[in-house]
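Breakdown of the fold
Below are the chains, spelled out letter by letter.
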Amino acid sequence: VQLVESGGGLVQPGGSLRLSCGASGFTFSSYAMSWYRQAPGKGLELVATITDDGGSANYVDSVKGRFTISRDNAKNTVYLQMNSLKPEDTAVYYCRAVRSTWRYWGQGTQVTVSS
């Protein structure tokens, strides 16, 4: 089982990034997918979740209207489009796969929002 995030980097406030998380080793289309983040010195925060079929998504209030989670089950990939980025979005971003009691995590990708 493997989840590999990519797309992080340094961006100026107001900019955009798109994170990707590629999955392998399990039936991706049967798992809900989530993005979490951990800012320096803070705990893990759930950012967004999408159902296994992509029909429904939820977001933490602080990113609503700015971030969009999506998935392509044919490519075994989940995305997080991040627009209007703020310095407080700086964190390591992780993807997670969930089905029943099964949990898989990626290794994380750093997002830094700074001028």
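Read on for an overview of the structure. Everything numeric here is computed off the predicted structure, so don't read it as measured data.

1. Overview of the overall build of the protein chain
Regarding its fold elements, the protein chain presents zero helices and 11 strands. Expected size for 115 residues packed as a compact globule is a radius of gyration near 13 Å; at 13 Å, the protein chain falls within 12% of this value. Taken over the C-alpha atoms alone, the protein chain extends approximately 40 × 25 × 25 Å along its principal axes. Within the protein chain, the fraction of its 115 residues that count as buried is 40%.

2. Some details on the sheet that holds strand β8 (residues 77–82)
An order of β1-β3-β8-β7 is seen for the four strands of this open sheet, with the pairing classed as antiparallel. Only two strands of the sheet have a single partner each, and these edge strands are β1 (2–6) and β7 (67–72). Each strand of the sheet is rotated relative to its neighbour by a mean of 15°, with strand direction disregarded. Direction of pairing for β1 relative to strand β3 (residues 17–24): antiparallel, over a ladder of five bridges. The partner of Q2 across the bridge, within β3, is S24.

Cut-offs and rules
- For every chain, the first residue of its written sequence is number 1, and the numbers climb from 1 along that sequence.
- Per-residue local features are limited, in this predicted model, to residues with pLDDT of at least 70; the limit for side-chain atom pairs, both in listing and counting, is 80 or more; totals at the level of whole chains, interfaces and linings are taken over all residues.
- Side-chain figures throughout are based on the complete set of non-hydrogen atoms in the structure, without hydrogens or water.
- In this text, helices come from DSSP runs of H or I with a minimum length of four residues, and strands from runs of E with a minimum of two, each type numbered from the N-terminal end.
- The globule rule is 2.2 Å times the number of residues to the power 0.38, and the radius of gyration it is compared with is taken over C-alpha atoms.
- A 1.4 Å probe rolled over the protein chains alone gives each residue an accessible area, and that area as a share of the maximum for its type sets the label: buried under 20%, exposed over 50%, partly exposed in between.
- One bridge is not enough; two strands pair if DSSP finds at least two bridges between them.
- Between N-to-C directions, angles span 0 to 180 degrees; the directions come from axes that are lines fitted to C-alpha atoms, helices contributing only their stretch in contact.

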